[in-house]
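# Reading the structure
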Amino acid sequence: MTNKKSSVVYVDNTILSLLPKHVHDSDSAFDDWNASKVLWRKFREEKIRLVTHGKETEMDIILWFNRQGCCITDTLRAIEAINEFEAWNKVEKNNIQQYKQILTHFEELELLRLPTGDFEGYPTHDEIARILKLNPVEPDSCQTTEDDLNLLRQCLADLGNWYTDVLWGDLKRTDYQLNWQILESVLTKHGIEPIFHGTEGDRNRYLFGLLNRAAGLTKKSCGKLPVPDSHINFVINMVLQKYSHNKALSGISHLLHCIGHNINYYVTIDHSLIQGFNEQKTALQGHLQGMTLDLNLMTPKRFVAEALNVDQKT
């Protein structure tokens, strides 16, 4: 490390979820993945401090897991939840190990708290989204469409055909096997191949995560099956409100934490946030009431090369 300012580095879940992957050198993410390993090695050698905001990043992790189909409520019992997911025997062992490594890396980080004043006087998330020319209401690539909602409605309407009274009365356990059979049946009826693995299974895993949450909430709020149509809509709205990930607003929250804590480096692979910030940094500075915006948003590749002066090719 060549200068004191670059000794504190903020990272988010895009880095935590990138690190455990096995990325081929032909993949466009290879350089950032390789650089993230260098970043973590320097951290473990105590050459740099890696920090994040505990609650914000924990929620990002929960939402990321949900998009894999795995339900965790908090990181304290996440390993137990992952073990339950693994017991379903449909998820590859390598993926399970990656999930656990994400939690291990998160536990290594220094967790920040909200600064005094809780962003008082700062622009709102929506204002920053407009300044950076980001769309504040656009979810990530796993966007919930009307077709998705219809599939979820049909799954919840079918719960009574699959769950026995005993299974329905178990409020603690997520029945991954049964819930997948329900989703698989509905997907097949609509001519959708029920793929779970790989990029082709992204949408199905996302729907599966929402179904698991919806079934769990319905168990607790509807004692008897079948579920009334009006209650199905209520449950889906509640689940979407909590578990639909808004990538733009999440990135802005992390950005505000960096500003509030006077952090100079935020390393992420959220490329739209990096581009928006770098192009509109001067405009954002004008909305910070005289505060100096001494923050750099970088990919791992750029940070390792420019701030750590590490040549990854050597």
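Residues numbered from 1 in each chain as written. Predicted model: local features only at pLDDT ≥ 70, side-chain atom pairs only at ≥ 80, totals over all residues. Heavy atoms only, no water.

## Concerning helix H2 (residues 30-44)
Compared with an ideal rise of 1.5 Å per residue, which puts 15 residues at 21 Å, H2 spans 21 Å between its outermost C-alpha atoms and is within 8% of the ideal. Of the positions making up H2, those classed as buried are Asp32, Trp33, Asn34, Ala35, Ser36, Val38, Leu39, Trp40, Lys42 and Phe43. Backbone geometry just downstream of H2 places glutamate 46 in the positive-phi region, at approximately 60°. (Helix = DSSP H or I, 4+ residues; strand = E, 2+ residues; numbered from the N terminus. Expected span 1.5 Å × (residues − 1). Buried < 20%, exposed > 50% of the residue type's maximum accessible area, 1.4 Å probe, protein only.)

## A closer look at the nonpolar core
What tends to happen in soluble globular proteins is that the nonpolar side chains get buried as a cluster. The biggest cluster of nonpolar side chains holds 69 residues, and the ones touching the most others in it are Leu50, Phe65, Phe85 and Phe303. By residue number, the principal contributor to this core is helix H10 (residues 176-189), which donates 7 residues. If you look at the next biggest cluster of nonpolar residues, it comprises 26 residues, including Leu112, Leu132, Leu134 and Leu256. (Core = buried A, V, L, I, M, F, W, Y, C linked by side-chain atoms within 4.5 Å.)

## Re the sheet that holds strand E3 (residues 110-112)
Spatial strand order, E3-E2-E1-E4-E5: 5 strands in an open sheet with parallel pairing. Lying at the two open borders of the sheet, with one neighbouring strand each, are E3 and strand E5 (296-298). Looking at each pair of strands side by side, their axes are set apart by 35° on average, direction ignored. By the bridge criterion, 3 bridges tie strand E1 (residues 8-11) to strand E4 (residues 265-267) in an arrangement that is parallel. Within E4, the position partnered with tyrosine 10 by the bridge is tyrosine 266. Seen against the sheet, helix H3 (residues 54-67) touches E1, strand E2 (49-53) and E3 and runs at an angle of roughly 75° to E2. In the packing of helix H13 (residues 247-260) onto the sheet, contacts are made with E1, E2, E4 and E5, and the angle to E4 comes to roughly 155°. (Pairing = 2+ DSSP bridges. Axes fitted to C-alpha atoms, helices over the stretch in contact; angles between N-to-C directions. Contact = heavy atoms within 4.5 Å.)

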